[in-house]
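Structural overview
This is what each chain is made of:
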Amino acid sequence: MGLEEEIEELREEIAETPYNKATEAHIGRLKAKLAEKKEKLENQSSAGGGHGYAVEKHGDATVALVGFPSVGKSTLINALTNADSEVGSYEFTTLDVNPGMLKYRGANIQILDVPGLIEGAAGGRGGGKEVLSVVRTADLVVFMLSVFEIEQYDRLSEELYETNIRIDTEPPNINIRKTHKDGIGVTMSDDVSLDEGTIKQVLREYGYVNAKVTIPHDLTIDELVDAVMDNRVYLPSMVAINKADLIEKSYLPTVKEELRARDLDPEEVIFISAEEERGLDGLKERLWEELGLIRIYMDKPGRGVDYEEPLVLFEGDTVGDACEKIGGEFDERFKFARVSGPSAKHDDQQVGKGHELADEDVLRIVARK
Ligand SMILES: Nc1nc2c(ncn2[C@@H]2O[C@H](COP(=O)(O)OP(=O)(O)OP(=O)(O)O)[C@@H](O)[C@H]2O)c(=O)[nH]1
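A few points on the structure. (Residues numbered from 1 in each chain as written. Predicted model: local features only at pLDDT ≥ 70, side-chain atom pairs only at ≥ 80, totals over all residues. Heavy atoms only, no water.)

**Section: the pairing of strand β7 (residues 184-188)**
Pairing of β7 with strand β8 (residues 211-215) involves 5 bridges; the strand directions are parallel. Bridging across to β8, M188 finds its partner in I215. Assessed by its sense of winding, the connection that carries the chain from β7 through helix α6 (residues 196-205) to β8 is left-handed. (Pairing = 2+ DSSP bridges. Helix = DSSP H or I, 4+ residues; strand = E, 2+ residues; numbered from the N terminus. Right-handed = clockwise from strand over helix to strand, strands pointing away.)

Now the structure itself:
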């Protein structure tokens with residue numbers, strides 16, 4: 001029996017087994033097996049002549065645009081990136097990725113049109129790795145839907161899930177430490193609903209014989225398998241609904257209904273018309289927010305504060321991260337920094353590398369001579 005048939009059989013068995021306490025450990029073992037076989041298949045199919053999308057990270061942040069063919073991805077990328085932005089030179093190993101650089105508030109935001117989703121990429125036919133390698137570089141996933149086909153969201157999120165991408169969720173916080181004896185020991189908080197037997201079963205399936213496992217919060221079997229596999233990518237997402245120019249106002253409630261049915265908040269999604277270039281300011285603003293970008297104006301010795309080309313970082317980044325991004329000598333010769341603006345207690349506050357920066361801070365780095 002080939003791997004694909006084995007995967008199919010496991011899927012069927014999981015679907016046919018009713019879930020209850022008596023079957024939980026068995027299902028856990030099946031799911032662990034399935035995840036393992038899927039990974040094997042992916043490795044197999046990308047080993048022979050796989051033309052991985054070696055997407056290089058350019059710019060300050062990267063957005064993966066996922067959507068069905070013809071929802072308007074290319075139109076949007078062109079609309080976002082033509083007028084006031086430069087398109088950099090890219091070294092993609094394939095022409096299938098359609099990259100664009102959006103310039104917004106001094107930041108360079110790379111937008112990648114993710115190919116291959118929806119062509120069964122995740123179904124183990126060899127494209128999964130490539131999709132994953134594109135999305136892995138991203139800081140945010142934007143689902144692009146057509147206003148008449150909100151149900152496309154289901155397929156898209158399913159495909160991302162199948163390619164080991166987890167959307168809008170935190171990685172399970174479990175700790176596994178291999179030991180030399182005493183089998184598998186599980187320490188878990190009271191709210192964990194999985195049986196200890198299930199947890200052990202999943203771990204054994206992955207070859208653990210002796211280990212200490214700590215589980216500090218409740219989780220599902222799938223989340224447990226994710227944690228053990230340790231190759232999942234966790235990303236935030238947002239939804240853009242295109243072709244809004246095509247609907248009458250009276251159709252809007254239907255769209256909202258469709259969104260709510262998928263647990264999507266109609267107030268949170270962005271309606272746009274890529275073709276007519278409408279709603280794009282709102283979209284850019286939301287990209288900025290969802291990415292959590294901040295602008296740092298560098299005060300350069302002898303040249304004053306540069307408000308034109310800010311250093312763009314992520315929320316939570318520190319002076320140390322700023323040094324690292326600027327690179328080179330600053331990092332090594334760092335003495336202290338002076339910060340003015342939202343994160344500072346007072347103007348020119350003296351801070352170290354651990355100081356957390358905020359949007360529109362002015363930063364001067366004092367380096368050793
Ligand atoms: N009415 C309307 N048509 C649009 C809009 N955006 C895109 N289109 C049209 O939809 C068609 C598909 O647009 P593309 O940008 O090529 O779509 P795509 O998602 O890049 O498609 P693939 O390259 O097949 O993945 C084109 O005919 C566009 O002119 C929009 O906002 N409103």
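**Concerning the site of the ligand**
In the vicinity of the ligand lie 15 residues, with S70, S74, T75, D245 and E275 positioned nearest. Take V71: an N or O atom from its main chain is 3.3 Å from an oxygen atom of the ligand. A distance of 2.6 Å separates an oxygen atom of the ligand from a polar side-chain atom of E275. When the ligand is considered free in solution it has 650 Å² of accessible area, and contact with the protein chains removes 68% of it. Of all the elements, helix α3 (residues 73-81) adds the most residues to the shell around the ligand, at 3 residues. Of the residues in the shell around the ligand, the class split is 5 nonpolar, 6 polar and 4 charged. (Near = heavy atom within 4 Å. Polar contact = N/O pair within 3.5 Å; in protein donor to acceptor, adjacent residues only side chain to side chain. Areas by Shrake-Rupley, 256 points an atom, 1.4 Å probe, with all protein chains shown as cover. Nonpolar A, V, L, I, M, F, W, Y, C, P; charged D, E, K, R; others polar.)

**Considering the sheet that holds strand β12 (residues 293-300)**
In space, the 5 strands of this open sheet follow the order β13-β12-β16-β14-β15, with mixed pairing throughout. Each edge of the open sheet is held by one strand with a lone partner, namely β13 (304-314) and β15 (349-351). Neighbouring strand axes in the sheet, compared pairwise and without regard to direction, differ in orientation by 35 degrees on average. Strands β12, β13, β14 (334-340), β15 and β16 (361-367) of the sheet are contacted by helix α10 (residues 319-326), whose axis makes an angle of about 105 degrees with β13. (Axes fitted to C-alpha atoms, helices over the stretch in contact; angles between N-to-C directions. Contact = heavy atoms within 4.5 Å.)

**Some words on the nonpolar core**
By size, the foremost hydrophobic cluster in this structure holds 55 residues, and its most contacted members are L76, F143 and L283. Counting residues per element, this core draws most heavily on strand β4 (residues 140-146), which supplies 6 residues. Ignoring anything within four residues of it in the chain, the contact list for F143 reads V66, Y153, L156, S157, L160, I167, S237, M238, V239 and A240. Counting residues in hydrophobic clusters, the runner-up holds 23 residues, among them I174, Y208, V225 and V228. (Core = buried A, V, L, I, M, F, W, Y, C linked by side-chain atoms within 4.5 Å. Buried < 20%, exposed > 50% of the residue type's maximum accessible area, 1.4 Å probe, protein only.)

**Considerations on the packing of α3 against helix α9 (residues 280-291)**
The axes of two packed helices give the description: the angle between them and the distance between them. Axis separation between α3 and α9 bottoms out at 11 Å; the angle between their running directions is 85 degrees. Compared by their axis directions, α3 and α9 come out roughly perpendicular. Contact residues: α3 offers L76, A79 and L80, while α9 offers L280, L283 and K284. Among the residues making up the contact of α3 with α9, the classes are represented as 5 nonpolar, no polar and 1 charged. (Parallel < 35°, antiparallel > 145°, perpendicular 65-115°, else oblique.)

**Regarding the pattern of salt bridges**
Opposite charge on two side chains allows them to pair when their charged atoms are near. Across all of its chains, the model carries 24 salt bridges by this definition. Where R295 meets E360, a salt bridge forms, and the shortest distance between an N and an O atom there is 3.8 Å. Here E360 lies in the loop between β15 and β16 and R295 lies in strand β12, a separation of 65 residues in the sequence. Overall, the relative accessible area of 13% leaves R295 in the buried class. (Salt bridge = Lys/Arg side-chain N within 4 Å of Asp/Glu carboxyl O.)

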